[in-house]
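# Structure at a glance
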Amino acid sequence: EIRPETLRDWQGYDGLIVGQMLHPYARFLHPLRKPMVLFDPLDETVHATSPLRNKVRVLLDNEAVGQLAAQHLLGLGMQHFGYYGDRLHRNWSLLRDRAFQAGIQAAGFTCSALHPEQTSESWRANNAQLIRWLREMPKPVGVFAAMDINALHVINACAEAGLRIPQDVVVLGVDNDEIVCNGIAPTLSSIQCDFTGAGFMAAQLLDRQMRRIPLKQKVYAYGVKGVVVRESTRTETCVHDSLAKRAYEFIRINSGAGIAIADIVRHLNVSRRLLEMRFRVAYGCSLLEAMQKIRLERVCKLLISTSLCINEICEQCGCRTETHARRVFKKQMGCTMREYRNKQTVLQS
């Protein structure tokens, strides 16, 4: 346990990286006049009245978190969505909610949001409210939770409500806390933030301050590494139709070959009408929508992991034309391919 007198009297350091939980000691930290970096500080730590408001800080790009959550759930073919927020209504939770809803709305859908009562001290009351909310939403529904602990609450509430995961409710968390994610049944899919990169960034910023190298800005953002997929969003495991499964696998394997629906029908030797009907029942989307989703995922991966030009990426992903690919990408992602690549490059640098 850190005590105020420890911070005041201990002189054996040249700088500090300050985590969230040290906010109560802000008035003891400020007079130290030591180089300092705030790591994901709480709202009150950087409030206009806080003594630490002008310190350098490293923050998670919560908008990127919300955007990735929307992309992942939309990619699963979900058409109904919910966001389960932080009980204390922290700014980071509101930013994730806003970005998630923007991504869902850009795809032509709506999203229900539940922010538990901030003043409620009754776990039972909040849990009952969560169960009602889950039951009332149309199914299947994709629920994005503010963090893994909230997602854990959603999974437990689903069990009480008699809702199946992922058949009725698909659940996605944030932080990839392996104890939480792997310690529940079904296991929890979660967005993995680049905490390692953020730690290096904080250390570099502290080092620059200690060497009296001027910094260009006060706020530095770090991003996300991707979604760690586990059982709570693994919808393909729920499909028992072997014909639909074979169609999905054919699309996945040949997504870069520019295949058309006629190629899938020919490969499976069935009528298009029958295949379309059974595929929609199994996966909740059309063959064309599944093809676009898989191609979009491949485009995103190549934009981040390679230096290929956009025209080459479109060719490798089997897109009909570059113009069509750009139009679909912007509609689904809310930004151009170049903007997406530039943003991800900045976040990973």
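Above this note sits the structure.
In short, a report on the structure. Everything numeric here is computed off the predicted structure, so don't read it as measured data. (Residues numbered from 1 in each chain as written. Predicted model: local features only at pLDDT ≥ 70, side-chain atom pairs only at ≥ 80, totals over all residues. Heavy atoms only, no water.)

## Some remarks on the overall build of the protein
Heads up, the rule is: Only DSSP runs of H or I covering at least 4 residues are called helices, and only runs of E covering at least 2 are called strands; the numbering of each starts at the N terminus. Here, residues are in contact when the closest pair of their heavy atoms is within 4.5 Å. Each accessible area value is a Shrake-Rupley result obtained with a 1.4 Å probe; residue values ignore everything except the protein chains displayed when judging cover.
Scanning the protein for helices and strands turns up 15 helices and 10 strands. Pairs at least 24 residues apart make up 65% of the contacts formed inside the protein by residues separated by at least 6 positions. A total accessible area of about 18200 Å² is found for the protein, and carbon and sulfur atoms account for 51% of it.

## Notes on helix α11 (residues 272-283)
Stated precisely, the cut-off is as follows: By this rule the span expected of a helix is its residue count minus one, scaled by 1.5 Å. Relative accessible area decides the class of each residue, using a 1.4 Å probe on protein chains only: under 20% of the type maximum gives buried, over 50% gives exposed, and in between gives partly exposed. As used here, the arc is the angular range of directions from the helix axis to the C-beta atoms.
End to end, α11 covers 16 Å across 12 residues, agreeing with the expected 16 Å (1.5 Å per residue, within 8%). The complete set of buried residues in α11 reads Leu 275, Glu 276, Phe 279 and Tyr 283. Seen from one end, α11 has its buried residues packed into an arc of 100 degrees, which puts them on one side. Across from the buried face of α11, at angles greater than 90 degrees, the exposed residues are Arg 273, Met 277 and Val 281. As for α11, its buried residues are in contact with α9 (242-253), α10 (261-268) and α12 (287-305). Immediately downstream of α11, the backbone of Gly 284 shows phi near 75 degrees, a positive value.

## With respect to the environment of Arg 280
Mapped onto the fold, Arg 280 is located in helix α11. Filtering out sequence-adjacent residues up to four positions away, Arg 280 remains in contact with Cys 285, Ser 286 and Glu 289.

## Structural notes on a nonpolar patch on the surface
Inclusion rule: Excluding any residue in a salt bridge, patches collect residues exceeding 30% relative accessible area, merging like charges within 9 Å and nonpolar Val, Leu, Ile, Met, Phe, Trp and Tyr side chains within 5 Å. Salt bridges are counted wherever a side-chain nitrogen of Lys or Arg sits within 4 Å of a carboxyl oxygen of Asp or Glu.
Where nonpolar side chains cluster on the molecular surface, the patch consists of Leu 274, Met 277 and Val 281 and spans about 300 Å² of accessible area. Of note, Leu 274 is situated in helix α11. Residue classification places Leu 274 among the partly exposed positions, given a relative accessible area of 30%.

## Topic: the nonpolar core
Formally: What makes a nonpolar core is a set of buried Ala, Val, Leu, Ile, Met, Phe, Trp, Tyr and Cys residues whose side-chain atoms join them at distances within 4.5 Å.
Core analysis: the biggest nonpolar cluster contains 35 residues, and Val 58, Leu 73, Phe 81, Phe 100, Phe 144, Ile 191 and Tyr 222 have the highest contact counts within it. By residue number, the principal contributor to this core is helix α3 (residues 62-75), which donates six residues. Aside from chain neighbours lying at most four places away, what touches Ile 191 is Val 65, Leu 68, Ala 69, Phe 144, Leu 172, Gly 173, Val 174, Asp 175, Asn 176, Val 224, Gly 226 and Val 227. Residues Leu 134, Val 141, Val 154 and Ala 157 belong to the second largest nonpolar core, which totals 23 residues.

## Observations regarding the sheet that holds strand β8 (residues 189-193)
The cut-off we apply is this: One requirement defines pairing of two strands: DSSP has to find at least two bridges between them. Here, axes are lines fitted to C-alpha atoms. For helices the fit covers the stretch in contact, and angles between N-to-C directions go from 0 to 180 degrees.
Pairing is mixed in the open sheet, where six strands are placed in the order β5-β4-β6-β7-β8-β10. Strands at the two margins of the open sheet, each flanked by one partner only, are β5 (111-114) and β10 (224-228). With direction set aside, neighbouring strand axes in the sheet form an average angle of 20 degrees. With four bridges connecting them, strand β4 (residues 81-84) and strand β6 (residues 141-145) associate as parallel partners.

## Regarding the pattern of salt bridges
Oppositely charged side chains can pair when the atoms bearing their charge come close. Inspection of every chain in the model, using the stated rule, returns six salt bridges. Glu 322 serves as the salt-bridge partner of Arg 326, at 2.7 Å between the closest nitrogen and oxygen. Here Arg 326 pairs with Glu 322, and both are found in helix α14 (residues 322-333), just four residues apart, close to one helical turn. Take Glu 322: its relative accessible area is 25%, and that puts it in the partly exposed class.

## Some points on α3
Just so we agree on the cut-off: Polar contact is the term for a pair of N or O atoms within 3.5 Å; when the atoms are in protein, one must be able to donate a hydrogen and the other to accept it, and sequence-neighboring residues count only if both atoms are side-chain atoms.
Look at α3: 20 Å from first C-alpha to last across 14 residues, which is about the 20 Å you get at 1.5 Å a residue. Across the 14 residues that make up α3, a large majority, 12, are buried. Capping the start of α3 is the job of one residue whose side-chain oxygen sits 3.2 Å from the backbone nitrogen of Glu 63: Asp 61. Downstream of α3 by a residue or two, Gly 77 has a phi angle that is positive, lying close to 85 degrees.

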